[in-house]
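These are the residues of each chain, in order.
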There are 2 protein chains.
Amino acid sequence: MRLSFLLLAALLAIFTATAQQQQWANDDPYYARRVTHFATLPPITRGDIVFLGNSLTDGAEWNELLGNRHVKNRGIVGDIIQGLIDRLDPILDGQPKKLFILSGVNDVSHDVDGDSIGRVMEKLIVTVKRRCPKTKIYLQGMLPINNDFGRYRRLIGKEQVVLDGNRALEAVARRQDVTWINLFPLFANDEGKLRPDLTNDGLHLLGNGYLIWRDALKPYLK
Amino acid sequence: MRLSFLLLAALLAIFTATAQQQQWANDDPYYARRVTHFATLPPITRGDIVFLGNSLTDGAEWNELLGNRHVKNRGIVGDIIQGLIDRLDPILDGQPKKLFILSGVNDVSHDVDGDSIGRVMEKLIVTVKRRCPKTKIYLQGMLPINNDFGRYRRLIGKEQVVLDGNRALEAVARRQDVTWINLFPLFANDEGKLRPDLTNDGLHLLGNGYLIWRDALKPYLK
């Protein structure tokens, strides 16, 4: 009797620990900090413009860059598309006015192929449309990468997957009737690589890169 | 003749590279990205409230947290006090209304002692006062650390340096007649460690930690 109770307690403890570990798509402590920070900020509201994404979104002061105080940064370094889905709740509860989405390159680095990237993104967009029918959705394509910098081992040789993923994402945008923002050509050089003057690691953007992005988004923020 | 020209060119190249490397206090690519991002955002203006600091500042969406659209985040992960001094120009050019400063724990991790932390911070504050006599300066003390998490090797055994540094910072605030915000006791448990419910690495804050910080700052943001 006592033994089976102990066994039950042990199993329960293991189950709880596993459940906690699987709470988020990423076990970097920064990820949990950012999620708990978002959860404790004043809630998203109907006038808000939410930027949902990975480190590229996380790295900018969007409301300053765009001169719009309704813009809220919901980017987290290292996030994958499933990670965005997992943390949709506090965003969708607020029924934001606009939602700008950019993700996929971390999925690429995790050996996910282009079609899968499209499938997961479609799941995300279907969820947003169902729960927030009035939210205007903007799906942004992945930026080019530049492996000449040699900083991201898991992106080496994956240039084609980024292209495949973008093709899949664009098809999702068409099928789901959301706005497609094709960022790739704005940041690519003749070789299809992220312009070396816009980055210092072949993946992330320097200040001048964010200015290009800002200009690309301006028509959608009027 | 041709050889000496080549030699001169080589020396010049080495000098330029060295100068570029020493441009900022931190050679993490993230640091340069953040500095160039700040440099390409719309300039700081007289109504602005600037938060200058390290990762603790970087990690929050301050204008959301404080409900104040004039608040601008100028935190960078890993920054030291000298790093803040090196990037004062674009902030002071704008003559901001208020400047909240928090730094020191990365200096501690670089084996800087408490008195030195005070000296460098005093240099920073003297510079701000000279160039922006109307800017209201708020000097925030370092938060406690919690080495039970064992994540920051270079902070092990440095609890006393944080205390010494805070004592030196408080003396600077008094000497320079700027507002001292004593954050340490708000985040410390009975043992003087960062409360384990507010962090997941013994150094940075979870969302509930930022709420404590927000409440501490509210009187200064009316």
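Computed from a predicted model, the values in this text were never measured in an experiment. (Residues numbered from 1 in each chain as written. Chains lettered and ligands numbered in written order. Predicted model: local features only at pLDDT ≥ 70, side-chain atom pairs only at ≥ 80, totals over all residues.)

> How should the overall build of chain A be read in this particular structure?
For chain A, the count of helices and strands is 11 helices and five strands. Since a compact globule built from 222 residues should have a radius of gyration of about 17 Å, the 19 Å found for chain A is in line with a globular shape. Principal-axis analysis of the C-alpha atoms places the extent of chain A at approximately 70 × 40 × 30 Å. Expressed as a percentage of the 222 residues in chain A, the buried residues total 39%. In chain A, the proportion of contacts linking residues at least 24 apart, taken out of those at least 6 apart, comes to 74%. (Helix = DSSP H or I, 4+ residues; strand = E, 2+ residues; numbered from the N terminus. Rg over C-alpha atoms; globule rule 2.2 N^0.38 Å. Buried ≥ 20, exposed ≤ 12 C-beta atoms within 10 Å, placed from the backbone. Contact = placed C-beta atoms within 7 Å.)

> Looking at this model, I keep getting lost on the sheet that holds strand S1 (residues 49–53) of chain A. Mind explaining?
Within a sheet, each strand pairs with its neighbour through backbone hydrogen bonds, oriented either parallel or antiparallel. Residue and element names in this part refer to chain A. Taken in spatial order, the five strands line up as S2-S1-S3-S4-S5 in an open sheet, and their pairing is parallel. Each edge of the sheet is formed by a strand with only one pairing partner; in this case those strands are strand S2 (71–75) and strand S5 (179–181). Each neighbouring strand pair of the sheet contributes to a mean axis angle of 20°, computed without reference to strand direction. Sheet topology note: the S1/S2 ladder contains five bridges and is parallel. Across the sheet, Leu52 pairs through a bridge with Arg74, a residue of S2. (Pairing = 2+ DSSP bridges. Axes fitted to C-alpha atoms, helices over the stretch in contact; angles between N-to-C directions.)

> Is there a simple way to explain the relation of the copies chain B and chain A in this structure?
Mapping one chain copy onto the other needs a rotation about an axis and a shift along that axis. Turning chain B through 180° and shifting it by 0.0 Å along the axis lays it on chain A, with an RMSD of 0.0 Å. This pairing of chains is accounted for by a two-fold axis. Ranked by how close their C-alpha atoms come to the rotation axis, the residues of chain B are headed by Arg69 of chain B, at 3.2 Å. When the interface residues of chain B are mapped onto chain A, 100% of them are again interface residues, pointing to one common binding face. (Least-squares fit on C-alpha atoms with pLDDT ≥ 70 in both.)

> Which parts of the structure should I look at to understand the interface of chain B and chain A?
Frequently, the measure chosen for interface size is the accessible area removed from exposure when the parts meet. Contact residues are listed per partner, giving 28 residues for chain B and 28 residues for chain A. For the side of chain B that touches chain A, the elements supplying multiple residues, two or more each, are helix H2 (29–40), helix H4 (62–66), strand S2 (71–75) and helix H11 (207–217) of chain B. With seven residues, the single largest contributor to the side of chain B that touches chain A is H2 of chain B. Here the side of chain B that touches chain A is built from residues that sort into 11 nonpolar, 11 polar and six charged. (Nonpolar A, V, L, I, M, F, W, Y, C, P; charged D, E, K, R; others polar.)

Everything listed is a geometric property; what it means functionally is a separate question.
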